[in-house]
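# Topology and contacts: notes
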Amino acid sequence: MAKRVLVVEDNELNLKLFCDLLRAHGYSAEPVRDGREAVDRARAFAPDLIIMDIQLPHVSGLELIETIKGDDDLKAIPIMAVTAYAAKGDEERIRALGAEAYVSKPISVLKFVDSVGALL
């Protein structure tokens, strides 16, 4: 059975790219455009991995990581943060909240796929 990946990303082009890449590598990808739906969708989809954009409207990816990692039913799911944040210390801050991986945008396709594979 294919590993399941929840992709939380508000940018349509990035969402399509991430889901297409995942599907091309044999994963089952579930897109989430609105971060406010991410926790409920994670419960329903039961993903093996969550790919989380950090800059989302309405609720930040940082808040979502904190919420997911504080939830007994979801905290074991690894999270890969994908973000345009590139300032010094951002990766450390994102990892400190519980993200197991960090990939900066624009993504390197190879690094993205390798990071997903390493987490699964």
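Residue numbers run consecutively from 1 along every chain, following the written order of its sequence. Selection of residues for local features in this predicted model requires a pLDDT of at least 70, selection of side-chain atom pairs for listing and counting requires 80 or more, and totals for whole chains, interfaces and linings are taken over all residues. Values reported for side chains reflect all heavy atoms of the structure, with hydrogen atoms and water molecules removed beforehand.

### Quick notes on the packing of helix H1 (residues 12–24) against helix H5 (residues 109–119)
Only the contacting stretch of a helix is used when fitting its axis, a line to C-alpha atoms as for every element, and angles between N-to-C directions run 0 to 180 degrees. Helix numbers and strand numbers start at the N terminus; a helix is a DSSP run of H or I with at least 4 residues, a strand a run of E with at least 2. Across the interface, H1 lies against H5 with an axial gap of 11 Å and an inter-helix angle of 60°. As the angle between them shows, H1 and H5 are arranged oblique. The crossing of H1 and H5 is right-handed. Residues Phe18, Leu21 and Leu22 of H1 lie in contact with H5, whose contacting residues are Val109, Phe112, Val113 and Val116. Per-class residue counts for the contact of H1 with H5 are 7 nonpolar, no polar and no charged. Between 65 and 115 degrees an angle is taken as roughly perpendicular, under 35 as roughly parallel, over 145 as roughly antiparallel, and anywhere else as oblique. Note on convention: the crossing is left-handed when the near helix lies turned anticlockwise from the far helix by less than a right angle, right-handed when the turn is clockwise. Any pair of residues with heavy atoms lying within 4.5 Å of one another is described as a contacting pair. Amino acids outside the nonpolar list (Ala, Val, Leu, Ile, Met, Phe, Trp, Tyr, Cys, Pro) and the charged list (Asp, Glu, Lys, Arg) are all regarded as polar, and Gly is one of them.

### Things to note about unusual backbone geometry
That bond from lysine 105 to proline 106 is cis: its omega, -5°, falls within 30 degrees of zero. Turning to its location among the elements, proline 106 is positioned in the loop between strand E5 (101–104) and H5. Despite not being glycine, alanine 46 has its phi angle at roughly 50°, a positive value. Within the secondary structure, alanine 46 is located in the loop between helix H2 (38–45) and strand E3 (49–53). Alanine 46 gets classed as partly exposed once you look at its relative accessible area, which sits at 48%. The residue histidine 58 is not glycine, and still its phi comes out positive at about 75°. In this fold, histidine 58 is placed in the loop between E3 and helix H3 (61–69). Under the scheme applied here, a residue whose accessible area is under 20% of the maximum for its type counts as buried, over 50% as exposed, and between as partly exposed, the area being computed with a 1.4 Å probe on protein chains only.

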